[in-house]
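Coordinates in review
Each chain is listed here by its residues.
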Amino acid sequence: MNAVCRFAIAAALMAAAAPAARAQQAQQPPATPPQQQRQKPEQKPEQKPEEAPKYEETVVVSASRTEEKLVNAPATMSVIGSQALESAPTQHFAELLRAVPGLNITQVSARDINITTRGATGTLATGQLALLDGRSLYQDFFGFVMWDFLPVNLGEIKQVEVIRGPASAVWGANALYGVVNVITKSPRETQGTTFTLGVGGFDRSTDTVDQAGGTLFYISGSHAQAVNDRWSYKISAGGYTQDALARPTGTIPCTRADVCGTTNPYPPFANTGTTQPKFDTRVDYDYPDGRKLSFAGGVSGTKGIMESGIGPFDINNGSVMGYGKVNYSQKGFRAAFFTNILDGDADNLLTRDVLGNPIRFTFKTKTFDFEASNVQSFQARHVVTYGGNLRYNKFDLSLAPLADSRTEGGAYIQDEIFLSKMFRWVVGGRLDRFDYLDSFVFSPRTTFMIKPEENQTFRVSYNRAYRSPSVVNNFLNVTIAEPIDLTPFAAVIPSLRGKTFPLAVGSVGNQHLKETTVDAFEVGYTGVINKHALISAAFYVNQTKNDILFTEDLTKRYNALNPPPGWIAAGLPVVLLTFIPGGLPAQFTYLNFGKTTQKGFELGVNSNVNDNVAAFANYSYQATPEPSGFALSELNLPPKNRFNAGFNFSRDRYLGDLSVSFTDSAFWQDVLDERYHGTTESYTLVNGGFGVKWAANRVTTSVKVFNLLNKQIQEHVFGDILKRQVVGELRVRF
């Protein structure tokens, strides 16, 4: 098969793949003792079979925005390698990240997943920064991540790096609780043509409703080639489609009678599935002197349900995000420019305006970001990393019509000081300025590291991170009609039986919001034992100030002195307002809430049992958050206990994996008012798969099973039901 045929096969497939490989663009440090420990990225001339991970050689780039060994990182990190990617039970990133200690996952629909580190997540997780080769995927208009806009196939990912804690000191705004950096392979690392096809089905019957199962289908392909010793390129595409998951029915469960009722039914609405096409391309040029220039661009589409504080939005077909990116690197220096362009619209499935029409949300955004960084060593004792970025956003949002544009920028510096062979001290900080905040924002970081051996590190650290208010936080402006049942008053006024009143409830932004900050204190350990096991442990205390929460403004509640518009005109006596249990709903808005303390600890081990088997186990504990100055009922409560364990094997032609995850019960209050607040039960999730390689390992057939025991799992009280899913997959490498 010649290059033209390979190119045609890859281009004919639907959807996504790989931008610029950040690890390949890290610095090539000068030969001083500290810098010798930061390894030059390897450029492979051709694709080779994946090897078992060598933990003492694992290199990360996310902790300090420069290459360093995992055991030397100044933050607690987890790395998901190629073997875990290959055996992922689904195409959702949720199932890749679920096994990371301290990472809380909610999948609320076929397309919508939310991720938060060391704290409760929700329908819109706003404190987790997601990157693709260092390019921010954060959606500034809502302050969250749409994971389906990652334009990559799993086979093109080199590794996923997770910072399990705040990281604004180097990554700036919105790295409030942690960072997920997806790092892709370069064209030279993926030479050849690949093709993947998956077909499967899943159960949709619940305890109360018996319905037919759903189906899913995905296809992807890529072609990469080194044209010569200077030019190389990669093109890839893919598509994913899945039917709607099952919706919960009956009464919304709640174990906290102080903040929610026990007789509120789930609202009926038509659930939808998802369709996600993707396309991506990249071209690299390698200079003779080691410099590198890389161009990347692509587009991703999505359709499906997006949950929000005012109910579920169904994102319509044609909603897409495109990007373009240019990277340049020369030894320790790196410069990059990217643009993200989003164009979409969605209809709310639950809330209506005062005319009875569904709330519609059209969103168009353009983001332009330029950044530069460098790393240098001084006096054989200092490794200094410094840089900055300038970001400009343009908005056109129907739910925030007064929002127009935003400009922000910042600079950081970090010094890793080699005090001795055993002791190191990392100190640094970042200063940011936003045109919509009153003053500069400072994010300091310091970590003291003790290294009794080269592959073991004890850390004591402090850092501060922040999240800026999103555009919707500041400028939301929408009025919804909430039907008030008047039947309870029919005993007094018989004509009210069976009637409802469309109460106009406003939801508005708050232009006086302050940024949310987290002061994070941590004691941690990372070590490689006998070259076969990676051990990690961490105890942390996170103190969040000025958290931005969507809540009722009780000062704007309707009452007898302030009746709702149209109440009297409808012939409803004002005296009725006195007898409505709990009163009428008030205006909703975003407010800063005082202080919340979140404590927890994490334990983990990853081990190469032998050349064919790798295993892992980890445990996370999160205490109940401790609010100061406001009620606990304003917060989602994370699961207290999480446990993950599993193994994968590969020997001769055979490969397989099995994993078990336990997640404790959790409480949710982030959708509308107390009628929709409630508790999810604890659950145990078992995933497994088995595959066989054929044709000299060029063809792999496998069966992957998600939720092997077919438990009825609900990860958010307003979210969909996850049942057993079985997928047959074919992978071919030409």
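Report on the accompanying structure. (Residues numbered from 1 in each chain as written. Predicted model: local features only at pLDDT ≥ 70, side-chain atom pairs only at ≥ 80, totals over all residues. Heavy atoms only, no water.)

1. Here's the deal with the overall build of the chain
Note the following rule: Segments assigned H or I by DSSP are reported as helices when at least four residues long, segments assigned E as strands when at least two residues long, and all are numbered from the N terminus. We compute the radius of gyration from the C-alpha atoms alone; for a globule the expected value is 2.2 Å times N to the 0.38, where N is the number of residues. Buried residues are those whose accessible area, probed at 1.4 Å on protein chains only, stays under 20% of the maximum for their type, while exposed residues exceed 50% and partly exposed ones sit between those limits. The contact criterion used throughout is that any non-hydrogen atoms of two residues lie within 4.5 Å. To measure how exposed things are, a 1.4 Å probe is used in the Shrake-Rupley method; for residues, cover is taken only from the protein chains shown. Counted as positive: Lys and Arg. Counted as negative: Asp and Glu, with His and the chain ends omitted from the count. To locate a charge, take atom NZ for lysine, CZ for arginine, CG for aspartate or CD for glutamate.
Helix and strand counts for the chain come out as five helices and 38 strands. Since a compact globule built from 734 residues should have a radius of gyration of about 27 Å, the 26 Å found for the chain is in line with a globular shape. Classification of the 734 residues of the chain by burial places 60% in the buried group. For the chain, the proportion of contacts with a sequence separation of at least 24, taken over those separated by at least 6, is 67%. In the structure as shown, the chain presents an accessible area of about 28,000 Å², 58% of it carried by carbon and sulfur atoms. The positive charge centre, built from 69 side chains, and the negative charge centre, built from 67, are 4 Å apart in the chain.

2. Observations regarding the packing of aromatic side chains
Convention followed: Any two rings among Phe, Tyr and Trp, with Trp reduced to its six-membered ring, count as a pair given centres within 6.5 Å; such a pair is stacked if its planes are under 30 degrees apart, edge-to-face if over 60, and tilted if neither. Only lysine NZ and arginine CZ atoms are considered, and such an atom sits over a ring when it is within 6 Å of the ring centre and within 35 degrees of the ring normal.
Scanning the model with the defined rule gives 26 aromatic pairs in all. Ring geometry for Y218 versus Y240: centroids 6.3 Å apart, planes at 20 degrees, classification stacked. Pair noted here: Y218 is in strand β13 (residues 214–226) and Y240 is in strand β14 (residues 231–242), with a separation of 22 residues, a long-range link. Y240 sits in the buried class, given a relative accessible area of 9%. Between F423 and F448, the aromatic rings sit 5.8 Å apart at their centres with planes inclined by 20 degrees, giving stacked as the arrangement. Placement of F423 in strand β22 (residues 423–434) and of F448 in strand β23 (residues 441–453) is noted, with a sequence separation of 25 residues between them. Judged by its relative accessible area of 31%, F423 falls in the partly exposed class. The class for F448 is partly exposed, based on a relative accessible area of 31%. Across from the ring centre of Y287, 4.0 Å away, lies the NZ or CZ of R291, which sits over that ring.

3. A word on the environment of V180
Structurally, V180 can be placed in strand β11 (residues 178–184). We classify V180 as buried; its relative accessible area is 0%. Apart from the residues within four sequence positions on either side, V180 is in contact with L97, Q128, L129, A130, L131, W147, V160, E161 and V162.

4. Digging into the pattern of salt bridges
Stated formally: We count a salt bridge whenever a side-chain nitrogen from Lys or Arg sits within 4 Å of a carboxyl oxygen from Asp or Glu.
The final tally for this structure, using the stated rule, is 29 salt bridges. The shortest N-O distance in the salt bridge between D112 and R111 comes to 3.8 Å. The class of D112 is buried, set by a relative accessible area of 2%. On the accessibility criterion, R111 (4% relative accessible area) is buried. Put simply, E522 and R459 hold a salt bridge, and the shortest N to O gap is 3.8 Å.

5. Structural notes on the side chain of R164
Quick reminder of the rule: Pairing of N or O atoms within 3.5 Å defines a polar contact, subject to two protein rules: one partner must be a possible hydrogen donor and the other a possible acceptor, and residues neighboring in sequence count only if both atoms are side-chain atoms.
Position of R164 among the secondary structure elements: in the loop between β10 (157–163) and α4 (168–171). Residue class for R164 comes out buried when judged on its relative accessible area of 1%. A polar atom in the side chain of R164 sits 2.8 Å from the side chain of S78. Here the side chain of R164 touches E602 through a polar contact of 2.7 Å, side chain to side chain. Discounting chain neighbours no more than four positions away, the residues touching R164 are T76, M77, S78, V100, P101, T117, R118, Y177, E522, S536 and E602.

6. Some words on the sheet that holds strand β7 (residues 135–136)
Our working definition: Two strands are said to pair when DSSP picks up at least two bridges between them.
Overall, mixed pairing links the five strands, which are arranged β3-β10-β11-β6-β7 in an open sheet. In this open sheet, the two strands that pair with only one neighbour each are β3 (77–80) and β7. Here β10 pairs with β11 via six bridges, running antiparallel. Among the inter-strand pairings, V162 is bridged to a residue of β11, identified as V180.

7. Some thoughts on the pairing of strand β21 (residues 405–418)
Summarising burial for β21: 10 of the 14 residues are buried, a large majority. In this structure, strand β20 (residues 382–397) lies alongside β21, joined through 13 bridges in antiparallel fashion. Across the sheet, T385 pairs through a bridge with Q414, a residue of β21. Between β21 and β22, which follow one another and run antiparallel, lie four residues.

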